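The residues making up each chain are set out below.
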Amino acid sequence: MISLLYSSLSPAISVPEAVTHRKTIQRRAPGDGDFDESVHPLLAQLYAARGITSAAAANTALNALLPPALKDIEKAAAILADAFDAKKRLLIVGDFDADGATSTALGVLALRAMGAADVDFLVPNRFEYGYGLTPEIVAVARDLTPDLIITVDNGIASFDGIDACNALGIPVIVTDHHLPADSLPAAAAIVNPNQPGCDFPGKGLAGVGVMFYLLSVLRAELQSRGWFEAQNIAAPNLAQYLDLVALGTVADVVPLEPNNRVLIAQGLRRIRAGRCRPGIRALLQVAGKEINNLVATDLGFTVGPRLNAAGRLDDMSEGIRCLLTDSEDEAMLLARELDSLNRQRREIERDMQRQAESAIDSLQLDDAGALPRGICLFDDSWHQGVVGLVASRIKEKLHRPVIAFALTEDGKLKGSGRSVPGVHLRDMLDLVAKRAPAVLSHFGGHAMAAGMTLEREHFPEFERLFDAVLQERIEAHVFQPVLLSDGELPCEQINLDVAHLLRDGGPWGQQFPEPLFEGEFDIVSQRIVGEKHLKLVLADPAERSRIIDAIAFNVDLEQWPDESRQSVRAVYKLDVNVFRNRESAQLMIEYFDL
């Protein structure tokens, strides 16, 4: 039986129409910029509206990277360099998502390339040990007899685990990007752009980005000590690992601030040129993606989910091995196994989503006739590795923060939440924890995504408190979905050259969204393809000989196709479509303003 926040409120009426919000279309506010001739006027306009105001800020060359001025990064590098000199055993403890997998693979590959005597990795199985460096995973790590542990994409909240390591005499270097609590764990060094006292401006680094920066400082420290000459090895070029950095950064959906855009752009260039890990190439191949046409969203929607499937359903070690191997054959074998796991994950997710949507179709309104501001979903049968994806899908449908819970083997509830712009989910959980410290056993995360654990008996109290902080802290307009449009694109610019310009003007992504245009079109033809996708041929109303292909995914089959409709106003992205090695411009319809 699915439990829903507000299930006891009245009036008890079915509101299926409320779960499909009509979106408000707003024109993105123009920005002021100072661009030179190197930036196309259309891109200059789009960049300025997204806060990039100069050609220098738009630069994605490697020399545009911020210097590695993170707090304690030199201290951490010195500890690592001392471990190199003493030939100590290094153990990387990662996380079970794509950011954690790429961070782990990056650390293992680069440390070995720098001449570390002994480097291994350990990733907690989420179903047995939970998230991060817990005391339980420290007990497993102890059997590997490490001299030094390095966490990647976790550790900032691992107070008990780090205390356990210290009791064993194993120092810990934390590399993380998650928001810290009011205090910090007793690690030997912490590298995290979001820790107090860190003035590094690139606060949006993913875990893999933090590790990349630490490795760059370690490389410099080892060079200053004459390490590479003494070992008779060349200092590795860390740019060779930017494919991993790009994948982890995109997959973790961190903000695409200028520094992250550099990391992603440089990684994409290496991948397109074929200079990438065999595992990434194999994952792209099983997903049917052409490597030379790769864009950031391909990493996020095709490679990332297949890598994540290992951590969601099984053990992320398989995904890490796929990224580590130098063998093309082994990479392909592992990529196919990950692809199979991803298909299983999709089936589980579909079943869970159908249950959640069925419950939401009869969601009860509050006394004011409005949807609740927060949605909590729980079912005894749900898979804890997939609840985050269900929360994401329902969040898109309702434009509300959604937390989906699953039952763990020890009878606790493990939740995964997804939020909307304007609601900092981790901060909302922090407010809940401050009001009732006993309710949440553990929590952590970001503005847009967070995880938590609580005892089953605390679920009703958590529901009540979660709603209370949303009601008190968040204004009602935040829950009205808005599409920010870049305005109307002149029909003469709806062509392949401009589509390429926009594609090459990326990377686009979180907080640096891909350009979205709007316009009126005549409908020349319309048909359903692939069961629920609408394929259209559209024409310029002022010049009907000017036509363009368009596609809208997952349309309402009760509305489309509609032969009575002769024209439509659409909000769309301009994309490059490749079919049988032939390129053409195509509109990717995001919304019909009917």
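Up top is the structure.
This text gives an overview of the structure that appears in the document. (Residues numbered from 1 in each chain as written. Predicted model: local features only at pLDDT ≥ 70, side-chain atom pairs only at ≥ 80, totals over all residues. Heavy atoms only, no water.)

Further remarks concern the sheet that holds strand β4 (residues 118-122). On the basis of which strands lie adjacent, the open sheet formed by 5 strands has the order β4-β3-β5-β6-β7 and parallel pairing. Where the open sheet ends on each side, the last strands, each with one partner, are β4 and β7 (189-191). With strand direction ignored, the average angle separating the axes of adjacent strands in the sheet is 20 degrees. Taken together, the 5 bridges between strand β3 (residues 89-93) and β4 define a ladder with parallel strand orientation. By the bridge assignment, Arg 89 is partnered in β4 with Asp 118. The sheet contacts of helix α3 (residues 73-85) involve β3, β5 (148-152), β6 (172-175) and β7, and relative to β7 the element is tilted by about 125 degrees. (Pairing = 2+ DSSP bridges. Helix = DSSP H or I, 4+ residues; strand = E, 2+ residues; numbered from the N terminus. Axes fitted to C-alpha atoms, helices over the stretch in contact; angles between N-to-C directions. Contact = heavy atoms within 4.5 Å.)

Moving on, we get to the pairing of strand β16 (residues 543-552). Pairing between strand β15 (residues 533-540) and β16: 7 bridges, direction antiparallel. Residue Lys 535 lies in a different strand from β16, and its bridge partner there is Ile 551. Pairing geometry for β16 and strand β18 (residues 582-592), over 4 bridges, is parallel. Residue pairing across strands places Ala 550 opposite Leu 587, the latter belonging to β18.

Considering all chains together, one arrives at 13 aromatic pairs under this definition. Centroid distance Phe 35 to Tyr 47: 6.4 Å. Interplanar angle 40 degrees. Geometry classified as tilted. Within this pair, whereas Phe 35 is found in the loop between β2 (24-27) and α1 (41-49), its partner Tyr 47 is found in helix α1, the two being separated by 12 residues in sequence. Residue Phe 35 is classed as buried on the basis of its relative accessible area of 19%. Taking 5.3 Å as the distance between ring centres and 70 degrees as the angle between the ring planes, the aromatic pair formed by Phe 200 and Tyr 213 counts as edge-to-face. Of the two residues, Phe 200 is situated in the loop between β7 and α7 (207-224) and Tyr 213 in helix α7; the sequence distance between them amounts to 13 residues. By the burial criterion, Phe 200 is buried, and Tyr 213 matches it. Among the aromatic residues, those joined into a ring-pair cluster are Phe 378, Phe 405, Phe 459, Phe 462 and Phe 466. (Phe/Tyr/Trp six-rings, centres within 6.5 Å; stacked < 30°, edge-to-face > 60°. Buried < 20%, exposed > 50% of the residue type's maximum accessible area, 1.4 Å probe, protein only.)

In a regular helix each residue adds 1.5 Å, so 18 residues correspond to 26 Å; α7 covers 26 Å between its end C-alpha atoms and thus fits that length. Taken residue by residue, α7 has Gly 207, Val 208, Gly 209, Val 210, Met 211, Phe 212, Tyr 213, Leu 214, Leu 215, Val 217, Leu 218 and Leu 222 as its buried positions. One or two steps after α7, the chain reaches Gly 226, where phi turns positive at roughly 70 degrees. (Expected span 1.5 Å × (residues − 1).)

This part takes up the sheet that holds strand β14 (residues 517-529). As summarised here, the arrangement of the 5 strands in space is β14-β15-β16-β18-β17, forming a closed barrel in which the pairing is mixed. Recorded for the sheet is a direction-independent mean angle of 50 degrees between the axes of neighbouring strands. Here β14 runs beside strand β17 (residues 567-579); their pairing, made up of 6 bridges, is antiparallel. By the bridge assignment, Phe 521 is partnered in β17 with Val 568. Each of β14, β17 and β18 touches helix α18 (residues 496-504); the most contacted strand, β17, lies at about 80 degrees to it.

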